[in-house]
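Single-letter residue listing:
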Amino acid sequence: MTTLLPTTERPITALPKVLFTKNFSVTSAQLAALEGAPYEVWASHTDPDHGMLAAAPHTFLEPRGLLGDDYAAWLLSACTERGITLVIPGKERERLGHWRPAFAEAGIALIVPTDEATQRHLERKDEFLRAWDASILPIPQWTTFDTSASFEDGLKALNTDGVRLCVKPARGIYASGFRVLMERPDLDSFLKGELYQMSVAAAREMFAGGALPTMLLMHTLEGAERSIDCVAWQGRLIRAVVRRKGEQGQRLEDRPDLVAAAEKIAHTYHLSGIFNFQTKDDNSRVPHMLEINARASGGLRYSMAGGINFPRLLLDAATGTLDWAALPPVRTGLSVAEDKVVRVLGTADLAEAEQGEPEAAAG
Ligand SMILES: Nc1ncnc2c1ncn2[C@@H]1O[C@H](COP(=O)(O)OP(=O)(O)O)[C@@H](O)[C@H]1O
Ligand SMILES: [Mg+2]
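Given the structure is predicted, the values throughout are model-derived calculations rather than measurements. (Residues numbered from 1 in each chain as written. Chains lettered and ligands numbered in written order. Predicted model: local features only at pLDDT ≥ 70, side-chain atom pairs only at ≥ 80, totals over all residues. Heavy atoms only, no water.)

### A few points about unusual backbone geometry
For step 1, the next point in the chain: Positive phi is not limited to glycine here, since Glu92 has a value of about 55°.
For step 2, the next point in the chain: Assignment of secondary structure puts Glu92 in the loop between β4 (86–88) and α4 (100–105).
For step 3, the next point in the chain: In the Ramachandran plot, Arg285 falls in the positive-phi region, its phi being about 65° despite a non-glycine side chain.
For step 4, the next point in the chain: Note that Arg285 resides in the loop between β14 (273–281) and β15 (287–293). (Helix = DSSP H or I, 4+ residues; strand = E, 2+ residues; numbered from the N terminus.)

Dropping the structure here:
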């Protein structure tokens, strides 16, 4: 028979403390998904009203304006002070690539996606596409330009009957600067609110205007777009969820070919953590690679609806407690939608509210 010690004398087995640092608001979904998991969950952010802090049981504020190595040094001492042993960084995750050994020496596992150079490589779409292994997935024909003359050269070089060209900056997120080029301005699509089109003439005028960042000119892929959310540990894929984007919601698909691509990507770039890549089909339904984001996508919640607890799998892998032979299955074939929620931040100043007419009109 076992005798129970009085509560006060029972050995306390402390849960590992994990910190999520300043990141996009979708990180709140990861924090919420860790409820009940054997981790003590912490979040830090510069903005006291940020959703990440509302979603975590333990929080602290980050100082504003700290960057690079100064931020890394501050983070190391903030973690040491609190006994945090696992860190999933958002802010400065590239620079933190260099800091893994210093954190390890303090007994802290810093979970960066990969080394700094590889993270920067993935963010430069021109560098990334140039080095891309097309045996994993094909890519559309493309070139770069950074002057009006090289834009004209690109137009000639990529000109193919029946293929629309498109532009986007080599460095950007959220489709900023992406436009499909139209031979003539299209009034119908303008009136329908199509934001991602531009006439070749308007593009010429704009690119003649001054110094350009490195831009990509590409063949436009006209088929289905997919986003693949993945979690990996030290180059080994744990799980990938393939979602096809649609007008109404998204669909979780069974695509062994894209899961195989995810495995190769995790291995090639030696990725650890939650990452995402995007594909678009050509007219023959062949998926082509668009980009890899070495971070969680804004749409991670959709993929979590497929029964995959991305942060839990990651933390279990990082602490050596993941049962690789009994990974949860991905529920495919589901249609999923995301609902908006509103959070009360505090009481509003009435005088200020009266001035906010444009917002009130839009709301
Ligand atoms: N070659 C292309 N053909 C068709 N659509 C594209 C192409 N490149 C980009 N897009 C569209 O633009 C969006 C943004 O491009 P992406 O490469 O993902 O850059 P980012 O998300 O970093 O801005 C994609 O989600 C896709 O809808
Ligand atoms: Mg993208």
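Having seen the model, we can carry on.
### Let's talk about the site of ligand 1
For step 1, the next point in the chain: If you check the shell around ligand 1, you find 17 residues, and the closest are Lys125, Lys168, Ala175, Leu221 and Glu225.
For step 2, the next point in the chain: At 2.6 Å from an oxygen atom of ligand 1 is found a side-chain nitrogen or oxygen belonging to Lys168.
For step 3, the next point in the chain: Alone, ligand 1 offers 540 Å² of accessible surface; in the complex the protein occludes 90% of this.
For step 4, the next point in the chain: Because more than half of its atoms lie within 2 Å of the grid, ligand 1 is assigned to the largest pocket.
For step 5, the next point in the chain: For the shell around ligand 1, the secondary structure elements donating two or more residues are β7 (165–169), β10 (215–219), β14 and β15.
For step 6, the next point in the chain: Residue classes in the shell around ligand 1 are distributed as 8 nonpolar, 4 polar and 5 charged.
For step 7, the next point in the chain: Here the shell around ligand 1 gathers at least three residues from each of two domains, domain 2 (141–219) and domain 3 (223–336). (Near = heavy atom within 4 Å. Polar contact = N/O pair within 3.5 Å; in protein donor to acceptor, adjacent residues only side chain to side chain. Areas by Shrake-Rupley, 256 points an atom, 1.4 Å probe, with all protein chains shown as cover. 1 Å grid on protein atoms, 1.4 Å probe; cavity = no way out; pocket = protein on both sides within 12 Å on 5 of 7 lines; lining within 4 Å. Sits in = over half its atoms within 2 Å of the grid points. Nonpolar A, V, L, I, M, F, W, Y, C, P; charged D, E, K, R; others polar. Domains from an automatic or database assignment.)

### Section: helix α3 (residues 68–82)
For step 1, the next point in the chain: For α3, which comprises 15 residues, the first-to-last C-alpha distance of 22 Å matches the rise-based estimate of 21 Å (1.5 Å per residue) to within 8%.
For step 2, the next point in the chain: Every buried residue of α3 is listed here: Gly68, Tyr71, Ala72, Trp74, Leu75, Leu76, Ala78 and Cys79.
For step 3, the next point in the chain: After α3 finishes, the residue Gly83 shows a positive phi value of roughly 70°. (Expected span 1.5 Å × (residues − 1). Buried < 20%, exposed > 50% of the residue type's maximum accessible area, 1.4 Å probe, protein only.)

### Focus on the packing of helix α7 (residues 148–158) against helix α9 (residues 200–207)
For step 1, the next point in the chain: It is the contact of α7 with α9, at a shortest axis distance of 9 Å, that shows an interaxial angle of 150°. Taken together, the axes of α7 and α9 lie roughly antiparallel to each other. α9 is crossed by α7, and the crossing has right-handed handedness. Only Val200, Ala203, Arg204 and Phe207 of α9 make contact with α7, whose side of the interface consists of Ser148, Phe151, Glu152 and Leu155.
For step 2, the next point in the chain: Tallied by class, the residues present in the contact of α7 with α9 amount to 5 nonpolar, 1 polar and 2 charged. (Axes fitted to C-alpha atoms, helices over the stretch in contact; angles between N-to-C directions. Parallel < 35°, antiparallel > 145°, perpendicular 65-115°, else oblique. Left-handed = near helix turned anticlockwise from the far one by under 90°. Contact = heavy atoms within 4.5 Å.)

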